[in-house]
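Residue-level structure breakdown
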Amino acid sequence: MSLKPFLPSERQPASSQRIASVAKAVHAMATIGERSAAAASLRDDAFAAEIVKTATLPASTTTASTFAAKAVADLLDMLGPASAFRPIMGSGVMMLGYARYASVLAPTYSRSATNVKFVGEGAPHPVGKLSIKGPTLTKQKLMLSCALTRELATGSNGLVYINTALQENLDAGLDEILLDATEGDTTRPSGLRFGVNALTASDNADPHSAMVADLAALGGAVCDVGGANLVFVAAVPQWLAIQLWCPQLRVPVFPSGGLSAGQVLCLAPRALAVVGGNEPIKLDVSDQATVHLEDTSPQPLTTAATATYPTMSTFQQDTLLVRLRCAMSWALRVDSGAVAWTQNVGW
């Protein structure tokens, strides 16, 4: 019996098939190079072949909706089960598109019953004034780049390595940005915890009682905005504890590596607006690039006396550079009450 290298199953969920097709496209471009020949080698995967031909991800057929921008839909299709970003986006957030504009207004989230009344025969009915205001989401660029040696990308396990590198980097990177406490600027949107003070964790000596108290406090801080439409996001140890001790909890709980151990967050998804570009995600693979090999604070290459260091020539080192890029941003549609979080929990 001959053993075959592990390949992503055709019966995997849509997200796994999506990232597997991207990995196949990168693998074909790495091993064959010339686009038409690489595309011809992918007869069993039309999606991967289209990526090779156009250097973009074709239209999504699994998550795109009337209101979902293409870049966001494509991105969600590539995220794996370790990402909280994907299930949060599927929990009722407002999905917008840039269309032809450089910015989009996300209308303020408001719940009001004052305009809903029973009226008597011939009596005037209440008429409310619609006020269109809220945060403006400007077009911002999300990018992922990773370098692989040609031997790694073209070897018998090349598909597995590429698949893993792309999906794990996307999962970790998006969760960390979405859930952090960093203020937004012209480059990136604010993290959900920005400007929100952490609630004090319960000091109950019984871990189960402390968990119930913490979750109730978080939900109570957000329910005025979210009503019953709430989600919890927890660091993996706390997510596991919730699954074991509160298996019948009806509020969704998502695990995320974007939170440190001991941190738990509650969000009203409908108060979150996400905007993406209507252009497809761009995919580039190059063995002719020179880059600053830095993942925290990259600098532009320069010929000045103080050169950027370290740099890497993919041509000289026979390395492949894979890059994904798309336009997207997000913002909360209320000033407060949509997010609550705690840290240093005792369970």
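Each remark here, short or long, concerns the structure printed above.
Only a predicted model underlies this, so the values are computations on that prediction, with no experimental measurement involved. For every chain, the first residue of the written sequence is number 1, and numbering continues from 1 onward in sequence order. Only residues with pLDDT of 70 or above have their local features reported here, since the model is predicted, and side-chain atom pairs are shown and tallied only from 80 upward, although totals for entire chains, interfaces and linings are computed over all residues. Side-chain metrics rest on all non-hydrogen atoms present in the structure, leaving aside hydrogens and water.

1. Concerning the overall build of the protein
Runs of H or I in DSSP of at least four residues are treated as helices and runs of E of at least two as strands, each being numbered from the N terminus. Broken down by element type, the protein carries nine helices and 13 strands. Of the contacts formed within the protein by residues at least 6 apart in sequence, a portion of 73% connects residues at least 24 apart. Total accessible area computed for the protein in this model is approximately 18,600 Å², and 54% of it derives from carbon and sulfur atoms. The contact definition used throughout considers only heavy atoms, calling two residues in contact when any of these lie within 4.5 Å. Every accessible area reported is derived by Shrake-Rupley at a probe size of 1.4 Å, with residue values counting cover from the shown protein chains alone.

2. Details of the sheet that holds strand S13 (residues 339-342)
Pairing between strands is defined by DSSP: at least two bridges between them are needed. On the basis of which strands lie adjacent, the open sheet formed by four strands has the order S6-S5-S7-S13 and mixed pairing. The open sheet terminates on both sides in strands that have one partner only, identified here as strand S6 (253-255) and S13. Across this sheet, the average inter-strand angle for adjacent strands is 20 degrees, counted without regard to direction. Strand direction decides the pairing type here: strand S7 (residues 264-267) and S13, joined by four bridges, are antiparallel. Along S13, the bridge assignment pairs Leu267 with Val339. Together, strand S5 (231-234), S6 and S7 form the strand contacts of helix H9 (residues 236-245), whose direction differs from that of S6 by roughly 140 degrees. Every angle, taken between N-to-C directions, lies between 0 and 180 degrees, and every axis is a line fitted to C-alpha atoms, over only the stretch in contact when it is a helix.

3. As for the pattern of salt bridges
The salt bridge definition used is simple: a Lys or Arg side-chain nitrogen within 4 Å of an Asp or Glu carboxyl oxygen. In total, this model carries four salt bridges according to the counting rule given. Arg188 serves as the salt-bridge partner of Asp180, at 2.8 Å between the closest nitrogen and oxygen. Within the structure, one salt-bridge network assembled from shared partners comprises Lys24, Asp44 and Asp45.

4. Observations concerning the environment of Gln288
The residue Gln288 is located in the loop between strand S9 (282-286) and strand S10 (290-292) in this model. Between the C-alpha atoms of Gln288 and Thr314, which are 26 residues apart in sequence, the distance is 5.7 Å. Non-local contacts of Gln288, meaning those with residues more than four positions away in its chain, are made with Thr314 and Phe315.

5. Quick notes on the side chain of Asp175
Along the chain, Asp175 falls in helix H7 (residues 158-179). Arg86 provides the closest opposite charge to the buried, salt-bridge-free Asp175, at an N-O distance of 11 Å. Those residues in contact with Asp175 that sit more than four places away from it in its chain are Ala82, Ser83, Ala84, Phe85, Ser256, Gly257 and Gly258. Note on classification: 1.4 Å probe, protein chains only; a residue is buried when its accessible area is under 20% of the maximum for its type, exposed when over 50%, partly exposed between these limits. In this tally Asp and Glu are treated as negative and Lys and Arg as positive; neither His nor the chain ends contributes.

6. Quick look at H9
For H9, the set of buried residues is Gln238, Ala241 and Ile242. Buried residues along H9 cover an arc of 100 degrees about the axis, so they all sit on one side. Check the buried side of H9 and you find it contacts helix H8 (207-226), S5, S6 and S7. The arc in question is traced by the directions running from the helix axis to the C-beta atoms.

7. Points about unusual backbone geometry
For Asp318, which is not a glycine, the phi torsion comes out positive at approximately 50 degrees. Position of Asp318 relative to the elements: it lies in the loop between strand S11 (311-313) and strand S12 (319-332). The phi dihedral of Asn344 falls on the positive side, at around 55 degrees, and the residue is not glycine. Locating Asn344 in the fold gives a position in the segment after S13.

8. Thoughts on the nonpolar core
Among the buried residues, those of types Ala, Val, Leu, Ile, Met, Phe, Trp, Tyr and Cys that are joined through side-chain atoms within 4.5 Å form a nonpolar core. By size, the foremost hydrophobic cluster in this structure holds 82 residues, and its most contacted members are Phe85, Ile88, Leu166, Leu272, Val274 and Leu283. By residue number, the principal contributor to this core is helix H1 (residues 14-31), which donates eight residues. Those residues in contact with Leu272, other than ones at most four positions away along the chain, are Ile88, Met89, Val93, Met94, Leu192, Leu267, Trp330, Ala331 and Leu332. Judged by nonpolar contacts, the second largest core, of nine residues, contains Tyr98, Val104, Ala106 and Leu137.

9. With respect to the packing of aromatic side chains
Each aromatic pair joins two rings of Phe, Tyr and Trp (for Trp, the six-membered one) with centres within 6.5 Å, and gets the label stacked for planes under 30 degrees apart, edge-to-face for over 60, and tilted for any other angle. Across all of its chains, the model carries one aromatic pair by this definition. The rule for a charge over a ring is simple: NZ of Lys or CZ of Arg within 6 Å of the ring centre, and within 35 degrees of the ring normal. Residue placement shows Arg193 over the ring face of Trp341; its charged tip is 4.5 Å from the ring centre.

10. A word on the pairing of S9
Side chains of S9 alternate between two faces, with Leu283 and Val285 buried and Lys282, Asp284 and Ser286 left unburied. Bridge count for S9 against S12 is five bridges, and the pairing is antiparallel. Considered in S12, the bridge of Val285 is made with Val322.

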